[in-house]
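# Inside the fold
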Amino acid sequence: QVQLVESGGGLVQAGGSLRLSCAASGRTFRNYVMGWLRQAPGKEREFVAAISLSGVLTYYADSVKGRFTISRDNAKNTVDLQMNNLKPEDTAVYYCAARGQIHSYYANDYPYWGQGTQVTVSS
């Protein structure tokens, strides 16, 4: 298990940027694939990005490729999501998430997730 706490959400205009941070617990943080999920009002939770155990490999939903960057610092037990060129359709609650050693593009495959942080992008 891993416990996750997100921060950094807020209100931003379209085209702006935000950086989300996730603080993770556990001595075995490095044993988890980490990801970010999001859920817009009235919609299913969806995959946004993931990063491999070492941080070398990253994966992104098509909707955010080229705009979002996921990173991790295993020494600090943190995972970040840099979001640039934000669009109104990015508005959602963003969740830091964790799973086992195999990555997944499906939100339901991440059994551990935090409380969420709201990101609102105005037009």
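All of the points below concern the structure found in this document. Bear in mind the structure is a predicted one, so any value in this text is a computation, not a measurement.

Criteria and thresholds
- Residues numbered from 1 in each chain as written.
- Predicted model: local features only at pLDDT ≥ 70, side-chain atom pairs only at ≥ 80, totals over all residues.
- Heavy atoms only, no water.
- Helix = DSSP H or I, 4+ residues; strand = E, 2+ residues; numbered from the N terminus.
- Rg over C-alpha atoms; globule rule 2.2 N^0.38 Å.
- Buried < 20%, exposed > 50% of the residue type's maximum accessible area, 1.4 Å probe, protein only.
- Contact = heavy atoms within 4.5 Å.
- Areas by Shrake-Rupley, 256 points an atom, 1.4 Å probe, with all protein chains shown as cover.
- Disulfide = S-S within 2.5 Å.
- Pairing = 2+ DSSP bridges.
- Axes fitted to C-alpha atoms, helices over the stretch in contact; angles between N-to-C directions.
- Core = buried A, V, L, I, M, F, W, Y, C linked by side-chain atoms within 4.5 Å.
- Phe/Tyr/Trp six-rings, centres within 6.5 Å; stacked < 30°, edge-to-face > 60°.

### With respect to the overall build of the protein
- For the protein, the count of helices and strands is 0 helices and 11 strands.
- For the protein, the succession of helices and strands along the chain, N to C, is β-β-β-β-β-β-β-β-β-β-β.
- A globule of 123 residues ought to have a C-alpha radius of gyration of about 14 Å, and the protein, at 13 Å, matches this closely.
- The principal-axis extent of the C-alpha atoms belonging to the protein is close to 40 × 25 × 25 Å.
- Taking all 123 residues of the protein together, the buried fraction comes to 46%.
- Contacts in the protein between residues far apart in sequence, at least 24 positions, make up 59% of those at least 6 positions apart.
- With the model as given, the accessible surface of the protein reaches about 6,400 Å², and the carbon-plus-sulfur share is 48%.

### Remarks on the state of the cysteines
- Scanning the model with the defined rule gives 1 disulfide in all.
- Two residues share a disulfide in this structure: Cys22 and Cys96, whose sulfurs sit 2.1 Å from each other. The sign of the S-S torsion, about -80 degrees, decides the handedness of the disulfide formed by Cys22 and Cys96: left-handed. Of this pair, Cys22 sits in strand S3 (residues 18-24) while Cys96 sits in strand S9 (residues 92-99), placing them 74 residues apart in sequence.
- A residue is classified by how much of its surface remains accessible, and Cys96, at 0% relative accessible area, is buried.

### What to know about the sheet that holds S3
- If you trace the 4 strands from one edge of the open sheet to the other, you get S1-S3-S8-S7, paired in antiparallel fashion. The outermost strands of the open sheet, each flanked by one partner alone, are strand S1 (4-7) and strand S7 (68-73). Each strand axis lies, on average, 15 degrees off the axis of its neighbour in the sheet, ignoring direction.
- For S3 and strand S8 (residues 78-83), the ladder comprises 6 bridges, and the chain directions are antiparallel. Along S8, the bridge assignment pairs Ala23 with Thr78.

### Comments concerning the nonpolar core
- By size, the foremost hydrophobic cluster in this structure holds 40 residues, and its most contacted members are Met34, Trp36, Leu81, Met83 and Tyr94.
- Counting residues per element, the ones that place at least two in this core are S3, strand S4 (33-39), strand S5 (46-51), strand S6 (58-60), S7, S8, S9 and strand S11 (117-122).
- Counting residues per element, this core draws most heavily on S9, at 6 residues.
- Leu81 has contacts with Leu18, Arg19, Leu20, Trp36, Val48, Ala49, Phe68, Thr69, Ile70 and Tyr94, leaving out every residue within four places of it along the chain.

### Re the packing of aromatic side chains
- With the rule as written, the count across this model stands at 5 aromatic pairs.
- When the ring of Phe47 is compared with that of Tyr105, the centres are 5.3 Å apart and the planes differ by 75 degrees; the resulting orientation is edge-to-face. Taken together, the residues span a long stretch of sequence, with Phe47 in strand S5 and Tyr105 in the loop between S9 and strand S10 (112-113) at a distance of 58 residues.
- The buried category is assigned to Phe47, whose relative accessible area is 7%.
- By relative accessible area, Tyr105 is classed as partly exposed at 42%.

### What about the side chain of Ser104?
- Mapped onto the fold, Ser104 is located in the loop between S9 and S10.
- For Ser104, a relative accessible area of 6% puts it in the buried group.

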